[in-house]
Structures are given as C-alpha cells and as structure tokens.
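Here is how the chains run, residue by residue.
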Amino acid sequence: MKKQIQELIANSLKTLESEEIIPAIEQPKITIENSRDSAHGDFASNIAMVLAKVAKTNPRGLAEKIIKYLPKSDIVERTEIAGPGFINFFLKQNTHQSIIIDILEKGDQYGDSSIGNNIATLVEFVSANPTGPLHIGHGRGAAYGAVVANLLKKVSYKVSCEYYVNDAGRQMDILAVSVWLRYLQINNKNIPFPDNAYQGDYINDIADSLQKTHAEKFITTTENLFPLFAEEDPELKIDGLIGYCKDELGQENYRIVFDEGLNVILATIKNDLNNFGVEFDTWFSERSLVDDNTVSKCIEKLTNNNWIYEKDGAQWFRSSKLGDEKDRVLIRENGLATYFASDIAYHLSKVERGFEKIIDIWGADHHGYITRVKASMQAMELSPEKLEVLLVQFATLYRGKEKLQMSTRSGQFITLKELQDEVGKDATRFFYIMRKSEQHLDFDMELAKSQSNDNPVYYIQYAHARICSVFRQMPEKGFTYNQEEALSDLSVLTETHEIKLLSTLARYPEVIENAALAYEPHQLVYYLKDVANDFHTYYNASQFLIEDNVIRNARLALVVATKQVIKNGLSLLGVSSPEVM
RNA sequence: GCGCCUGUAGCUCAACCGGAUAGAGCACCGGCCUUCUAAGCCGGGGGUUAGAGGUUCGAGUCCUCUCAGGCGCGCCA
C-alpha cells in the first residue's frame, strides 16, 4: 500500500516538473510513514518539506501543488495538509477491509516477500566449542540466529544454517586430557585433576562410557605423570599434560579419547538445540579445513601475494595494511596454525560454496575480530562486503538478585536445557529475542518463572487461544460461519476497533521485510504485541457470536485473519500458537 | 591509554533510512465479569531522552566534547 502511495506522489511530481510549476529537481526517495495518530490519516509523507528548499517554495505551498496533481486512486479517500507540511492520506474503508481477503487467500504465505531474490545466504551461528553443554549465553545466539534465518527465508533469501564445529585446537586438547584424567581416576583415585581442566560432571560420564567400551585400553604408566602436576603455571601445566597424554596414548588412541569427548558433547549439543527448535543444515568441521589443506592453501596464497611475513619464528598476516590495529599471527612459533588461520580458510570455504551473502552471528566479545576477518577476505580477494557480522550480547543469568558466574571450564553454569526445562520453550525463546540483540540481557530465572503468567508471550498466545475458543463455542451456541458470504460483504466492518485491527494486520508484510532486512526479530515481537492488543481491545468491545448474519460473518472473518497473522508471526519466532490456554 | 557498544518514566524496554503531543509492560491509583476464557479491557499519575554545544524547516535519532557503564586490545578460542 505504501508503494502505491509512493507512485501517486512520484506521478504528481513528474507532472509538476513537466508543467514547469516546479523546477526539475533531483528527487530523494519518497518516504511514506504509517501515521502514529489516526487523526493524521493512515499514511503520511514528508516529501513537501524535504523538497521545499530545492523547489524554492514553502512546504505547505508545495504540498498543495502535489496534492492538486495526484492521480485518481482507488484506495485514497482524501488527503490533507497538516503541521509544517505533511501530506496525510486517508484510505477508503474498503481498502482496509480488503486486507482480510488477502490474508485468507495467502494463509501461511501471508507476509512472504520476494525481496531476497533467492540469494544464496549462509547464516552461521551458535558455533560454541564442543567442550561442554550449551549454556544460557549460547541460547540467545541460537534463538536469535534461528529467527533471523526464518525471517530471511520468508523474504526469499535462500538460507542455509550452519554450525561451525571447533574440533581442532588447544581447547579440544584440554577436553581430551580432562576426559583421560577422569578415566584414569576410575582406577586410581590418587590421580589429581587440574583446576583449569574441564570440571563438569559430563566429563565423568564420558570417561565412564570410555571405560565401558574400551575397558582398560587407555591406562598407562603414571609414574611420570605426577611430576607434571608440580608445574606452577597452570597453562604450562595443562600443556605438559596434553603432551604427556599424546605421547603415552599414541596418535591413534589419543584420537579415540579425543573423539569420544567430541562426539558425546556434540550429540548433546545437537539434541539440546533440536529440543529448542533450532536446526542446522550443516555442521562444518574446523578439522576438515586442516585435513583437506584449505588452511595451507590460504597461507600459500597469502604468502604468494606478500600478505605474510616472518617474525620471531612466527608467520604474520599484514592485517594492519587493511585497517586492523596490528598484524596477526597465522602460524605460531611452535608450527601450529592459529584459530584465525582456520577462520580465513573457513570464510574461503563459505565463498567457494557459492554463498553470496554470508552472515556470521558472534558473541559481542568477539567484536574486535571483525576487522581482521574482513581484512583477510580482502587479502584473499573474497569481497568482504559479502560478509555481515551480527553481534549478540551475552545474557547474564540471575537468580533473583544473585548474579550467577558462569564458566564452562569450572563446570558451574546453567545449561540451555536446564533453562528450557525450568522456564519452558516458548517463554525462553521469546524472552531471548524480545530485545534488540546488541543489548545486554539480564535473564532473571526467578522472574522468568514467577512472572511467567505476565510474560508477553502469553499475552500474544492468549489472543490466539481466545479466537480458537470463539470458534469452539460457535456451534454450541447454534451459530455458523460462512466465509464466502463474509468476504462478499465486509463493508460492515466500520467500527474504530475494527479499522484499527485491519490496518495493523495490513502492516504485517512490511514488518516482516523490515525485521528481516535489519536482522531485528524484536520488531516482529513488538508488532505481534500490537496485534494482540488490538484484538483484545476489540474482543472486549464487540461481541462476535451474534444474531446478525452479515455482521457475524464479517467479524468472524476479521478474527480468522487475526489468528492467521498471529500464527504466522509466532511460528517465525519458533513459539507455539496454542488453541487452548 | 586506544578502539567499539550502550545511556529514554521508579524498574525492564520500544520509537519504522531525522518527522507531528517520545510510547508499551511491570509497579502504583481508580473502574469493567447474569454477555464469545479477567492470562483480558478502559481511565489516571509519572520524562529537561545522562549533560553541554552544534548541524536544519524539524534531533531520542546525525556531528563534537564531558560524564557513567559494558566489551575488546594474546603466538587463546
């Protein structure tokens, strides 16, 4: 509808120019707003104020001329000049009412848009290290990423969701050592366990299952193990243990222990995400980038193009030439590639797999990382503008006023699963995305539980359930609903609350498009609150199940359309639309 | 110290590429259930949009500075 009004104005301006009433001017984009106040009509444009200066006239005068030359329209009832020079558009009532027909025809597809043009898009999110179960911070990224992906799909981006599995690197070695030490402890209680190894009970579980499947296969002599615990620097201590573990077990057995930890934890993660309603198309292994030489190819290419130099025994990438604060190490003195090196290869892979739009969703603590990844894409000639990095602030967990410190290594954290079990899936997902993603989120579990009845998610779901209830009661009360007849005579929907609800429903496609293009699920959340509010108000003001056939049918059609929009919106958020509450 | 982000009602947050009188929820006060679910609706109080300048027809929104908070500044990931 906005587009139609835009065209009307564009036409008028063209006429004004050709009639030489105003000079030929370069036109800015004509913006049309939804009026906040119904006294200002349905839509408003500020075009007269924007163009007044270049047209060398005053805004109200220009507005008058624009209105005079507006082409006739089927949808506009009248226009008005208001305030400093706004042009307000009042729509004909049947324009409002016809949205019901549109909604009921399109059903689940109402709100779809083609603006994404089937552009191949990769959304990578969560990607937590598989060193433990997902905690509450990951949950926010999971909910956010899933909804962003849903929104983009709705507006015709061809979306693939991916989880990058960091199955290489030191953290994973620490995990393997943690498992191995717990395994050894099963047979020898005297073996110590370092503070900075992974403490969680799940490590014991993995060790137990290792014991069950492989019995005593990984038990080695431990005489040389004990002295390693004497090392004072905890990081050196754990590195010493890693080295010892690798040497004692040998490559093959070390891999078995390592993979047991990886696979068990990854399975837990997958399971928790599925239960949370978050699914991935691909699970991309970091190790695979090393194994298939993508990493080394990248290093080679960068070296050939003089993006790499050697200093202090390490290989450095000249990121400072591309906007970064300093150069970054790709290959360490000890010969191992850094995480950043893998990431360069990973982004090469993303481009090589044909993705035109690459969305990375990271925790906000990684924001300093953006410049160097873009720099690396530049150096790799990979069009860094394809990459869009979205940051999600961490959620801080509270129990009442008590802030819960969390760290994966210490094993003290509330998992996503526990949160979901306690708060419920719908409320958890809704809570996570009802705020702008770059805002801090204080997730108070006490509050989330105790106030669960006041949670806005129920407000919206309640509207849906109420509508379902109306239709359950209908036959009991001896009424019928004839949709065909309803759609042929919607003109009886003229009450204030009806018009309000109709115009809110008409906004849905625009909301989806805006929310998708801005990667802002919370826009949809706020919109759905509006829909629910308009409906509840209407519900309290008007009776739907009444004798008058024409009015009853028309009202029920409006109510069905409302139900459809709520269901479409909630399903994008991954929240259920209950029929009974 | 440098860089990025944030600062809106008592609390938690909105405000559609700069638009009209800055809006909701919670909390507080007052109304509405012989009528489709009161998990609801209606009304009321509550603001110098952290502060000071600037840009223009017009600023919560853009620019500069100050203050306050968060995050980042590894041959960790």
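Residues numbered from 1 in each chain as written. Chains lettered and ligands numbered in written order. Predicted model: local features only at pLDDT ≥ 70, side-chain atom pairs only at ≥ 80, totals over all residues. Heavy atoms only, no water.

Participant: Any details on the overall build of chain A? Residues and values, ideally.
Facilitator: Of regular secondary structure, chain A possesses 21 helices and 15 strands. Sorting the 581 residues of chain A into buried and exposed places 50% on the buried side. Here the analysis covers contacts within chain A between residues at least 6 apart in sequence; of these, 73% occur between residues at least 24 apart. Accessible surface, chain A as shown: approximately 27000 Å² in total, 46% of it carbon and sulfur. With 62 positive and 81 negative side-chain charges, chain A shows a separation of 4 Å between the mean positions of the two kinds. (Helix = DSSP H or I, 4+ residues; strand = E, 2+ residues; numbered from the N terminus. Buried < 20%, exposed > 50% of the residue type's maximum accessible area, 1.4 Å probe, protein only. Contact = heavy atoms within 4.5 Å. Areas by Shrake-Rupley, 256 points an atom, 1.4 Å probe, with all protein chains shown as cover. Lys, Arg positive; Asp, Glu negative; His and termini not counted. Charge placed at Lys NZ, Arg CZ, Asp CG, Glu CD.)

Participant: Kindly report on the pattern of salt bridges, identifying the contributing residues and their values.
Facilitator: According to the stated counting rule, one finds 19 salt bridges in the structure shown. As a salt-bridge pair, Lys2 and Glu510 come within 2.6 Å of each other at their nearest N and O atoms. With a gap of 508 residues between them, Lys2 in helix α1 (residues 2–18) and Glu510 in helix α19 (residues 508–517) connect regions that are remote in the sequence. Overall, Lys2 belongs to the partly exposed group, its relative accessible area being 22%. Notably, a salt bridge pairs Asp534 with Lys500, separated by 3.2 Å at the nearest N-O pair. Taken together, the positions of Asp534 in helix α20 (residues 521–541) and Lys500 in helix α18 (residues 496–506) put the pair 34 residues apart, joining distant regions of the chain. (Salt bridge = Lys/Arg side-chain N within 4 Å of Asp/Glu carboxyl O.)

Participant: Pulling in residues and values, what's your account of the nonpolar core?
Facilitator: Grouped together as the largest cluster of nonpolar side chains are 129 residues, with contacts concentrated most on Ile100, Trp180, Leu181, Tyr432, Leu524 and Leu573. Considering each element in turn, this core owes the most residues, 14 residues, to helix α8 (residues 234–275). Built from parts of two domains, this core gets at least three residues from each of domain 2 (170–262) and domain 3 (454–573). Listed in part, the 32 residues of the second largest apolar core include Tyr164, Ile299, Val373 and Met377. (Core = buried A, V, L, I, M, F, W, Y, C linked by side-chain atoms within 4.5 Å. Domains from an automatic or database assignment.)

Participant: Could you give an account of the sheet that holds strand β9 (residues 314–317), naming the residues involved and the relevant values?
Facilitator: Strand order in the open sheet made by the three strands is β8-β9-β10, with antiparallel pairing throughout. The open sheet has two edge strands with one neighbour each: β8 (308–311) and β10 (328–331). Strand-to-strand twist of the sheet, defined as the mean angle between neighbouring strand axes without regard to direction, takes the value 45°. Here four bridges tie β8 to β9, and the two strands are oriented antiparallel to one another. Bridging from a neighbouring strand, Lys311 pairs with Ala314 of β9. (Pairing = 2+ DSSP bridges. Axes fitted to C-alpha atoms, helices over the stretch in contact; angles between N-to-C directions.)

Participant: Account for the sheet that holds strand β11 (residues 357–363), with residues named and values stated.
Facilitator: The five strands lie next to each other as β7-β6-β5-β11-β12, forming an open sheet whose pairing is parallel. With one partner strand each, in any of the chains shown, β7 (282–285) and β12 (387–392) form the two edges of the open sheet. Direction aside, neighbouring strands of the sheet carry axes that sit 25° apart on average. In this structure, strand β6 (residues 158–165) lies alongside β7, joined through four bridges in parallel fashion. By the bridge assignment for β7, Tyr163 is matched with Trp283.

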